[in-house]
Amino acid sequence: MINSAKKAEDMKKLAAYRKILREKPVLRNLFLELTLRCNQNCIHCGSRCGEVGSEELTFEQYRVFLDKIKKDFGTEKKMLCITGGEPLLRTDFYEIMEYANSLGFNWGMTSNATLIDDKAAEKLRNCGMKTISVSIDGLENTHNTLRRSKNGYERAMNGINALIRNGGFKSIQVTTVVNHNNIHELEELYAIFDKMDIDSWRILNIEPIGRALDHNELTMTKEDYTYMFDFIREKRIAGEPVTYGCSHYLGRRYEREVRDWYFLCNAGIYTASIAANGDILACLDIERRPELIQGNILHDNFTDIWLNRFRVYRRDLYESNERCGNCSEKKFCTGGSYHSWNFDRNEPMVCFKDVLF
Amino acid sequence: MKKRKKTALVAAAFIASMNLNGCAYGPEPYYEDPETPSATEVTSENKVQETTESEKPEQYRPEDDIQVCVYGPPEYFE
């Protein structure tokens, strides 16, 4: 645990470092959204999978792109983060990932795990997957209801157990998106996960993006947030590998208590993303507005975009909002995460001031 | 679940002994890192004993922070 004075000192260092990163960004995480197709239909899906079409790049287009990334950036301290939709729905999934592995890229994946059995787990290990995050969004009935999937929970748990059984991965993580209706299940979920040989449990609050915007009943209350962050902190104090995600500045009470780092929105300074159709943006969860999509890998040079055209992501969001501009925490928060910024109203959709601090 | 570093358990025991966890709506809790000297011990008039290199509190380096993106997989670099 870190005392308040040290937190303040550390966050000042981070604020200074953020300025450096904006001038000299370091590409660490490259997200590849392989598809927007999904075999589930989550009511809180941030990508609105199932409602949107899925233009997809071919294996050959990924091959050319990955060759270019390796040539311009190398593979050291780079990670490919594979997402969807459900990436395993692609029939050429293993072909793409075997190629990435042959180039020397570390890669991990976010999956619902419903398509993972022993054979798939072995193939994932053999083509170099290092880490995986699997969504379990509640106890069985809750998970299946949220994912509109009759046996999604059972299949996901079978997938996780296949990964554990086969072994060879650096990290198997379960992710739970908490909302107002499932927050009371956290202790029961902990009891279940504690018996499994997973590496970590990531707990996120539902974000106001994608289809979640259509479900106000899932929005968390102030009490929900406090309960969730206290829950995570208490588990961490007890030595459990429970963590909050990257989102949002949490104030000095919770910063670095519920995750291993201080808040820093990675978008455009550590992270870039390639959407299923090849569009280039900083983070896949940022609203896909024309002014935020910086190009397309089919006809633009990614390296040039990363170096010269990502300026829209390398600024303090608080500058365009009077309330944020007057906030005492603005130097540490900077306006919050890009994915939860409302670009029409120029205001954060999630702000924990007066909620957590 | 695999357990975190043992230091977390030491910290937990320390905090529990100090009863400083704080209430949900209480003021911000304040507690010292059990592995660092107390801030109250270090004043201009009352400098505590010199510390060896290994006893110095760990310096925070922002570039060493492992970051995880919203719905991405755990970060891992070889």
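Notes on the structure in this doc start here. Residue numbers restart at each chain and count upward from 1, following the sequence in its written direction. In the order they appear in the text, chains get letters beginning with A and ligands get numbers beginning with 1. Residues qualify for local features only when their pLDDT is at least 70, as the model is predicted, and side-chain atom pairs are given and counted only at 80 or more; totals for whole chains, interfaces and linings, by contrast, use all residues. Calculated side-chain values reflect all of the structure's heavy atoms, with hydrogen atoms and water omitted.

Across the boundary between the two partners, chain B contributes 41 residues, which contact 68 residues of chain A. When chain B packs against chain A, close to 4900 Å² is buried across both sides, 54% of that on carbon and sulfur atoms. Put simply, a salt bridge is a Lys or Arg side-chain nitrogen that is within 4 Å of an Asp or Glu carboxyl oxygen. The interface formed by chain B and chain A contains six salt bridges. When the shortest N-O distance is used, the salt bridge between E75(B) and R28(A) registers 3.5 Å. Class assignment for the residues of the side of chain B that touches chain A results in 24 nonpolar, six polar and 11 charged. Working rule for contacts: check all heavy atoms of both residues, and any pair within 4.5 Å makes them a contact. The buried area of a pairing is the accessible area, by a 1.4 Å probe, that goes missing from both parts when the two are put together, added over both. When residues are sorted by character, Ala, Val, Leu, Ile, Met, Phe, Trp, Tyr, Cys and Pro go into the nonpolar class, Asp, Glu, Lys and Arg into the charged class, and all the rest, Gly among them, into the polar class.

A regular strand places its side chains so that they alternate between the two faces of the sheet. Residues and elements named next belong to chain A. Summarising burial for strand β3 (residues 106–111): six of the six residues are buried, a large majority. Think of it in three bands: with a 1.4 Å probe and only protein chains considered, a residue is buried below 20% of the maximum accessible area for its type, exposed above 50%, and partly exposed in between. Under the scheme used here, helices are H or I runs from DSSP no shorter than 4 residues and strands are E runs no shorter than 2 residues, and both carry numbers assigned from the N terminus. Of the two faces of β3, the one carrying N106, G108 and T110 and the one carrying W107, M109 and S111 are both buried. Looking at chain direction, strand β2 (residues 79–83) and β3 are connected through four bridges and run parallel. Within β3, the residue paired with M79 across the bridge is N106. Call a crossover right-handed when, viewed with both strands pointing away from you, the route from the first strand across the helix to the second goes clockwise. Taking the sense of rotation as the criterion, the β-α-β connection linking β2, helix α3 (residues 93–103) and β3 turns out right-handed. Two strands are said to pair when DSSP picks up at least two bridges between them. Sheet topology places β3 next to strand β4 (residues 129–135); five bridges connect them, and they run parallel. Residue T110 lies in a different strand from β4, and its bridge partner there is S133. Where the polypeptide runs from β3 across helix α4 (residues 118–126) and back to β4, its parallel neighbour, the crossover connection is right-handed.

Bringing the packing of aromatic side chains into the picture now. All names here are of chain A. Here a pair means two rings of Phe, Tyr or Trp (six-membered ring of Trp) with centres within 6.5 Å. Their orientation is stacked below 30 degrees between planes, edge-to-face above 60, and tilted elsewhere. All told, the structure shown has 18 aromatic pairs over all chains when counted by the stated rule. Centre to centre, the rings of Y249 and F357 are 5.4 Å apart; their planes meet at 75°, and the pair counts as edge-to-face. Taken together, the residues Y249 in the loop between β7 (242–244) and α9 (251–254) and F357 in the segment after β12 (347–348) connect sequence positions 108 residues apart. Among the aromatic residues, those joined into a cluster by ring pairs are Y225, F229, Y244, Y254 and F352. Geometry around Y270 places R28 over its ring, the cationic atom sitting 3.9 Å from the centre. Cation over ring: R314 sits above W306, and NZ or CZ is 4.9 Å from the ring centre. Only Lys NZ and Arg CZ are tested; either one counts as a charge over a ring when it is within 6 Å of the ring centre and within 35 degrees of the ring normal.

Residues and elements named next belong to chain A. Axis definition: a line fit to C-alpha positions, over the contact stretch in the case of helices; interaxial angles, taken between N-to-C directions, run 0 to 180 degrees. Packing of helix α2 (residues 59–73) against α3 leaves a shortest axis separation of 10 Å and a crossing angle of 15°. Accordingly, the angle class assigned to the pair α2 and α3 is roughly parallel. With respect to the hand of their crossing, α2 and α3 are arranged in right-handed fashion. Residues F59, Y62, R63, L66, D67 and K70 of α2 pack against E95, I96, Y99, A100 and L103 of α3. For classification purposes, angles smaller than 35 degrees are called roughly parallel, those larger than 145 roughly antiparallel, those between 65 and 115 roughly perpendicular, and all remaining angles oblique. Here a crossing is called left-handed whenever its near helix is offset anticlockwise from the far helix by less than a right angle, and right-handed whenever the offset is clockwise.

The next thing to look at is the pattern of salt bridges. All names here are of chain A. In total, this model carries 31 salt bridges over all chains according to the counting rule given. Note that R288 and E33 form a salt bridge whose closest N and O atoms lie 2.8 Å from each other. Here R288, found in the loop between β9 (279–281) and β10 (295–296), pairs with E33, found in strand β1 (residues 29–33); they are 255 residues apart in sequence, far enough to count as distant. Residue classification places R288 among the partly exposed residues on the basis of a relative accessible area of 33%. A salt bridge links D230 to R233; the shortest N-O distance between them is 3.5 Å. Of the two residues, D230 and R233 both sit in helix α8 (residues 222–237), three residues apart, roughly one turn of that helix. In this structure, D230 and R233 share a single accessibility class: buried. Members of the salt-bridge network, linked through shared partners, are R37, E56, R90 and D92.

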